[in-house]
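Take a look at the letters that make up each chain.
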Amino acid sequence: MSNTGDDDRGSEEIPVYDGADIYADDGSVRSDFLMHVGAAIADRDTIYLRQHVAGLHSSEMGDLLEAIQPEQRLALVSLLGKDFDLSSLTEVDEAIRLDIVEHLPNEQIAEALGEMDSDDAVYILEDLDQEDQDEILAKLPFTERVRLRRSLDYPESTAGRRMQTEFVAVPPFWTIGQTIDYMREDAELPESFTQIFVIDPTFKLLGAVDLDKVLRSKRSIKVDAIMRDTSHAIPAEMDQEEAAQLFEQYDLLSAAVVDDNGRLVGVLTIDDVVDVIQEEAEEDLLRLSGVGDEELSDSVAEASRSRVPWLFINSMTACISASVIGLFDATIQQIVALAILMPIVAGMGGNAGSQTMTVTVRALATRGLDIHNAPRIIRREAGVGLLNGMIFGSLIGLLAGLWFQDPNIGGIIATAMLINMMAAALAGIMVPLLLERFGADPAVSSAVFVTAITDITGFSSFLGIATWWFHVT
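Reading the values: rules and limits
Residues numbered from 1 in each chain as written. Predicted model: local features only at pLDDT ≥ 70, side-chain atom pairs only at ≥ 80, totals over all residues. Heavy atoms only, no water. Helix = DSSP H or I, 4+ residues; strand = E, 2+ residues; numbered from the N terminus. Rg over C-alpha atoms; globule rule 2.2 N^0.38 Å. Buried < 20%, exposed > 50% of the residue type's maximum accessible area, 1.4 Å probe, protein only. Contact = heavy atoms within 4.5 Å. Areas by Shrake-Rupley, 256 points an atom, 1.4 Å probe, with all protein chains shown as cover. Lys, Arg positive; Asp, Glu negative; His and termini not counted. Charge placed at Lys NZ, Arg CZ, Asp CG, Glu CD. Pairing = 2+ DSSP bridges. Patch = residues over 30% accessible without salt bridge, like charges linked within 9 Å, V, L, I, M, F, W, Y side chains within 5 Å. Salt bridge = Lys/Arg side-chain N within 4 Å of Asp/Glu carboxyl O. Arc of directions from axis to C-beta. Core = buried A, V, L, I, M, F, W, Y, C linked by side-chain atoms within 4.5 Å. Axes fitted to C-alpha atoms, helices over the stretch in contact; angles between N-to-C directions. Parallel < 35°, antiparallel > 145°, perpendicular 65-115°, else oblique. Left-handed = near helix turned anticlockwise from the far one by under 90°. pLDDT = per-residue confidence, 0-100. Polar contact = N/O pair within 3.5 Å; in protein donor to acceptor, adjacent residues only side chain to side chain. Phe/Tyr/Trp six-rings, centres within 6.5 Å; stacked < 30°, edge-to-face > 60°. Right-handed = clockwise from strand over helix to strand, strands pointing away.

Going by what an unreviewed UniProt entry lists, the chain is known as Magnesium transporter and is assigned to Ensifer adhaerens.

1. Digging into the overall build of the chain
Scanning the chain for helices and strands turns up 21 helices and six strands. For 473 residues, the compact-globule formula gives about 23 Å, and the C-alpha radius of gyration of the chain, at 30 Å, lies well above that figure. With respect to the principal axes defined by its C-alpha atoms, the chain has extents near 95 × 70 × 40 Å. Looking at the 473 residues of the chain, the share that counts as buried comes to 44%. Nonlocal contacts in the chain, meaning residues at least 24 apart in sequence, comprise 65% of its contacts between residues at least 6 apart. Put simply, the chain shows about 24700 Å² of open surface, and 55% of that area lies on carbon and sulfur atoms. Side-chain charges in the chain split into 32 positive and 78 negative, and the spacing between the mean points of these groups amounts to 8 Å.

2. Digging into the sheet that holds strand β2 (residues 195-199)
Taking strand neighbours across the sheet as the criterion, the three strands line up as β1-β2-β3 in an open arrangement whose pairing is mixed. Every other strand in the sheet has two partners, leaving β1 (169-170) and β3 (205-210) as the edge strands with one partner each. Bridge count between β2 and β3: five bridges; the pairing is antiparallel. Bridging from a neighbouring strand, Phe197 pairs with Ala208 of β3.

3. Observations regarding a nonpolar patch on the surface
A contiguous nonpolar surface patch, about 450 Å² in accessible area, is contributed by Leu387, Ile391, Phe392, Leu395 and Leu399. Residue Leu395 is classed as partly exposed on the basis of its relative accessible area of 44%.

4. As for helix α6 (residues 106-113)
Among the residues of α6, those classed as buried are Asn106, Ile109, Ala110, Ala112 and Leu113. Buried positions in α6, seen along its axis, are confined to an arc of 165° and lie on one side of it. Where α6 is buried, its residues touch α5 (94-102), α7 (118-125) and α8 (130-138).

5. As for the sheet that holds strand β6 (residues 264-269)
The mixed open sheet is built from three strands, whose spatial order is β4-β5-β6. Pairing within the sheet leaves two strands with one partner each, and these edge strands are β4 (234-235) and β6. Two elements, β4 and strand β5 (residues 254-258), share two bridges in a ladder whose sense is parallel. Residue pairing for β5: Ile234 is matched across the bridge by Val257.

6. Considering the nonpolar core
If you look at the biggest cluster of nonpolar residues, it comprises 42 residues, and the most contacted ones within it are Leu49, Val53, Leu76, Leu86, Leu89 and Leu113. If near-sequence neighbours (up to four positions away) are discounted, Leu49 is found in contact with Val37, Ala40, Ile41, Ala54, Leu76, Leu79 and Leu80. In terms of nonpolar packing, the next biggest core, distinct from the first, is built from 24 residues, Ala337, Phe459, Phe462 and Leu463 among them.

7. Quick notes on the packing of α7 against helix α9 (residues 142-153)
Following both chains from N to C, one finds α7 and α9 inclined at 60°, their axes separated by 10 Å at the closest point. Taken together, the axes of α7 and α9 lie oblique to each other. Crossing geometry of α7 relative to α9 is assigned as right-handed. Within the contact between the two elements, α7 uses Ser118, Ala121, Val122 and Leu125 and α9 uses Leu148, Ser151 and Leu152.

8. What to know about helix α3 (residues 58-67)
Every buried residue belonging to α3 is among Ser58, Glu60, Met61, Gly62, Leu64 and Leu65, and all of these are buried. Those residues of α3 hidden inside the fold are in contact with α1 (31-42), α4 (70-80) and α5.

9. What about the confidence of the model for the chain?
On average, the chain scores 86 in pLDDT, and the residues at 70 or more come to 91%. In the predicted structure, residues 1-11 sits below a pLDDT of 50 and forms 24 contacts with residues beyond four places in sequence or in another chain.

10. Topic: the side chain of Thr158
When you line up the elements, Thr158 lands in the loop between α9 and α10 (159-162). Here Pro155 takes part through its backbone oxygen, which lies 2.6 Å from a polar atom of the side chain of Thr158. Not counting residues within four places of it along the chain, the set of residues in contact with Thr158 comprises Ala236, Glu237, Met238, Asp239 and Gln240.

11. Some thoughts on the packing of aromatic side chains
Geometrically, a pair of aromatic rings is defined through the distance of the ring centres and the angle of the planes. The final tally for this structure, using the stated rule, is three aromatic pairs. Relative to Tyr182, the ring of Trp174 has its centre 5.4 Å away and its plane inclined at 75°; by these criteria the two rings are edge-to-face. Centroid distance Trp468 to Trp469: 6.0 Å. Interplanar angle 50°. Geometry classified as tilted. Exposure remark for Trp468: the relative accessible area of 52% places this residue in the exposed category. On the accessibility criterion, Trp469 (31% relative accessible area) is partly exposed.

12. Considering the pattern of salt bridges
Per the counting criterion, the structure on display carries eleven salt bridges. When the shortest N-O distance is used, the salt bridge between Arg30 and Asp32 registers 2.6 Å.

13. Some remarks on the pairing of β2
For β2, a buried count of five out of five residues is recorded, marking the element as mostly surrounded by other parts of the structure. Side-chain alternation along β2 places Gln195, Phe197 and Ile199 on one buried face and Ile196 and Val198 on a second face that is also buried. As a crossover connection, the stretch from β1 through helix α11 (residues 176-185) into β2 is right-handed. Here β2 folds back onto β3, and the loop between the two strands holds five residues, one of which, Phe203, carries a positive phi near 70°.

14. Digging into the side chain of Asp45
You can see Asp45 is positioned in the loop between α1 and α2 (46-52). The class for Asp45 is buried, based on a relative accessible area of 1%. A distance of 3.2 Å separates a polar atom in the side chain of Asp45 from the backbone nitrogen of Tyr48.

The structure is reproduced here in structure tokens:
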């Protein structure tokens, strides 16, 4: 079909998609919508794309970009041209964002960034090469360029990188009437905000006033009479996860971001904090599995490279576990039942250790576990390990004794199960605590060590007890 710019595709009636209509019941993008978009891209039907795609919300556009094929993404962005919402790139994987941005001219990126909130603009700029950053920033007005450059100068994953540099600030001697007139007349103010900050001539933060307080006060009252202290101002170099914890603890909708001198440099809003919480949760989950910052859009080589280091370490610990088994090869040859039952002891210990480790790593990340309550939590986990060891040791021991018609086998595996479940519980909490103590990331490093401990303890206790028991009897 030639690029006629109409929606005539045979006798098929093209449905109208609007917002949530593009999603199926399971939350994925509807296959029929993807089919029509794919056909429009193939036919270079820009009218259809502008009618049904260009008006999507940035998050919906992001889901669409992740759902279509890589070659379709670039074609879609090219066909939409200036109608493509660049802010949708903040909703996609880093690999997809970089792939699209690299194929866009810097002039188009600069024009789009000039219409975006500063936090979204920084999100796109921070992954670009320094040369491209400089070229794009040079095309922006001086004030916007300075704001974005200041945000980019802060370390990655800090509040300064996440903050929005557009905010409303007034001096303390203004009246409520002057403040309201200012908000009505100044076209450069943010589109939405919930509080007004109060600053001195050097931009040092003095306090804040909520909008509802402004609306309920008389025009003649001065701002400093109704302002409140901003006790939860966030340092610009504070880690974004710590900032998110402040929002959670104090139920904040927004918070001022200040530099080392207490001067107001930006505002952190709840929508950005929600993104931070989601990113940190995903990051912790991935690191617990030893895959780092891997994303679904990564290539085979990139995915393999992120997983190989910890698989290598795991192979080394597996060799150690195998060597422990080798010490008891004579016993295993005499009693075949031991070879059959060994995986049960190691597997149950590994699962128990993973449960405790996951709870511990999450507690460390949310500051719920510290030096003050660590002894109590360790005692609790030891108690859990003892109780679960008794329950499952008795159950597995009974089943094994009946299976092999040998009560000795049942008693041996029950005892080994109790020992390994205790070791798993203690390893699951002590390993992350020790790694945290020595400056390592427990989310990345814990799993491989906890698994090694439970395997070695499980095999050595089970086979060691069996060797001793059958030797003395």
